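What follows is the residue order along each chain.
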Amino acid sequence: MKNLYFPIKFKLTLWYVLLLLIVILIFSITIYFSLQKMIINNEDILLNTQIKQTISSLDIENGVIKLSEEPFYYNSSIYGALLSYPDMKILESNLPKDIINKYSPDLKTIGQYKTIYTSKEKWRVYSSSIYSNNKILGILIFAQPLNFLDIAMKNLSVIIYIMIPLIIIVAVVGGILISNYVLKPIDRMTKVAREISMGDLSKRLNLPYTNDEIGRLAQTFDIMIDKLDDSFKRQRQFTHDASHELRTPIAVIQSQAELSLSSSNTVSEYTKALSVILEEAKYMGKLISNMLFLARGDNKADNLQMENLNLSDLIEGIVSELKPIAENNNIKINIVKNEPSCIKGDQTRITQLLYNIIENAIKYTLPEGNIKLYIENHDKYIKISVQDNGIGISKEHLPHIFERFYRVDKARSIKNGGSGLGLSICQWIALIHGGKIEVFSEENKGSTFIIWLPSCGVTHK
Ligand SMILES: Nc1ncnc2c1ncn2[C@@H]1O[C@H](COP(=O)(O)OP(=O)(O)OP(=O)(O)O)[C@@H](O)[C@H]1O
Ligand SMILES: [Mg+2]
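Residues numbered from 1 in each chain as written. Chains lettered and ligands numbered in written order. Predicted model: local features only at pLDDT ≥ 70, side-chain atom pairs only at ≥ 80, totals over all residues.

Asker: Tell me about the pairing of strand S4 (residues 90-93), and name the residues and values.
Answerer: The sheet contact formed by strand S3 (residues 79-84) and S4 spans three bridges and is antiparallel. Bridging from a neighbouring strand, Ala81 pairs with Ser93 of S4. Linkage of S3 to S4, two consecutive antiparallel strands, is achieved through a turn of five residues, within which Met88 is found at a positive phi near 60°. (Pairing = 2+ DSSP bridges. Helix = DSSP H or I, 4+ residues; strand = E, 2+ residues; numbered from the N terminus.)

Okay, structure coming up:
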């Protein structure tokens, strides 16, 4: 019984039908008793008026009630009894005897309304004393059969007995239909989620958007699957590209090793083979550390050691480190504009970002080229421009250069030990620092990379 499936639509319907039933019952009971009380009150008012009229019409002479030939109920619809006091003798009456007995008129019961049950019917009874000179001469009892009340109450009961089941049936059917309609998207979500869990990430709910809880849930669900799909695709692509990248150096190492082992070589041939192997191993080492860096970055943007950094010092340090490489290629590198600037960031990461961009400028600039650096304060940001007059990037390649493993000229990059991960890493570092990288480039003319980073005191998410 533990795993019994009980759909939410039935639970909802059950709860609200139960609630409706309680409300209808309370309503019916209230109506029933209010109506009963209203009818009895009317009877009481009628009895009171009739009894007062009759007493005032009685003939009393010298402290004695004079009975006329026609009794007080003659020619009227009144039921009553006139009793003498104190001997309680019935002087005139058209009332069944047991009503008088059950009412048992005496000084205590005078003025009381009572409902008396005879074998056949119900009566409402009221009495009043007849006074003359402060002396009670007799008691007048009036009664009305409560036939109308019985009929009215019976009719009302019938209506209630028929209406309650009818209302409940309508409520159950309506409830199930409405819950079905409302919960349909949830059923669809379950179906799609099941399909997705089987590996088909192309599935979407694609429900027409409604601005309610379910509409928003469906939309969030689709957005979530979009992101998952995108992330899986990128991961698959990354694994694919990474394996592809590693295949070439491994093949080179393998062939160099096999060649060296298969024949007797001279020392210089062995040295050459080993230096090729060393180059490839270095390349693989760099590639793997870059890949590890990006993989970690995918999961976490924290673990940053944020501090105030003097950007001029940082760039001057990188330039002096890279200057010998640039000079080897006859490339000039200068900081043209150096405004005092401070950024809040992780020193290792910011150095890595600037190093990669400046290293690219050197790598992709031909001998006799010129690289200029500008550091400027712009409102809440620091703008760092790295301008070269190198080979440039054509329009078709420009939108892709920040993608992982993307290289415009693969052969040239590999020759320079490039894996195509540098700019992806740079962009990730800029983003987690609340900044961005822009690039302007023209083929054969040169490129300008502009790095925007928030200056000290600016908080970012
Ligand atoms: N200053 C530049 N001038 C011309 N092309 C550039 C410049 N900077 C980057 N590129 C192009 O963008 C590609 C991607 O750059 P990225 O830094 O990501 O990779 P890489 O330099 O080839 O390798 P890595 O940086 O991983 O050693 C480069 O291969 C190159 O084609
Ligand atoms: Mg690079």
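Asker: Kindly report on the sheet that holds strand S7 (residues 135-145), identifying the contributing residues and their values.
Answerer: Across the sheet, which stays open at both edges, the five strands sit in the order S4-S3-S7-S6-S5 with antiparallel pairing between neighbours. This sheet does not close on itself; its edge strands, each paired only once, are S4 and strand S5 (114-117). Going across the sheet, the axis of each strand differs from the next one's by a mean of 25°, ignoring polarity. Of the strands in this sheet, strand S6 (122-132) and S7 are in contact with helix H1 (residues 8-57), which crosses S6 at around 30°. (Axes fitted to C-alpha atoms, helices over the stretch in contact; angles between N-to-C directions. Contact = placed C-beta atoms within 7 Å.)

Asker: Describe H1, with residues and values.
Answerer: The end-to-end C-alpha separation of H1 is 73 Å, in line with the 74 Å expected for 50 residues at 1.5 Å each. Listed as buried for H1 are Lys9, Thr13, Glu43, Leu47 and Gln50. Along its buried surface, H1 packs onto S6, S7 and helix H3 (147-197). (Expected span 1.5 Å × (residues − 1). Buried ≥ 20, exposed ≤ 12 C-beta atoms within 10 Å, placed from the backbone.)

Asker: Provide a residue-level description of the site of ligand 1, including the pertinent values.
Answerer: In the vicinity of ligand 1, 22 residues are found, and the nearest of them are Tyr364, Val408, Gly418, Gly422 and Leu423. Put simply, the parts of the chain that give the shell around ligand 1 at least two residues each are helix H7 (347-363) and helix H9 (422-432). In terms of residue count, H7 provides more of the shell around ligand 1 than any other element does, three residues in total. Here the residues of the shell around ligand 1 sort into nine nonpolar, 10 polar and three charged. (Near = placed C-beta within 6 Å. Nonpolar A, V, L, I, M, F, W, Y, C, P; charged D, E, K, R; others polar.)

Asker: With reference to specific residues and values, describe the sheet that holds strand S9 (residues 332-338).
Answerer: What the five strands build is an open sheet, ordered S9-S11-S12-S14-S13; its pairing is mixed. The two strands at the open ends of the sheet, each matched to only one other strand, are S9 and strand S13 (436-442). Along the sheet, successive strands turn relative to each other by an average axial angle of 15°, direction set aside. Sitting on the sheet, helix H6 (residues 311-328) touches S9, strand S11 (370-378) and strand S12 (381-388), and the angle it makes with S9 is about 165°.

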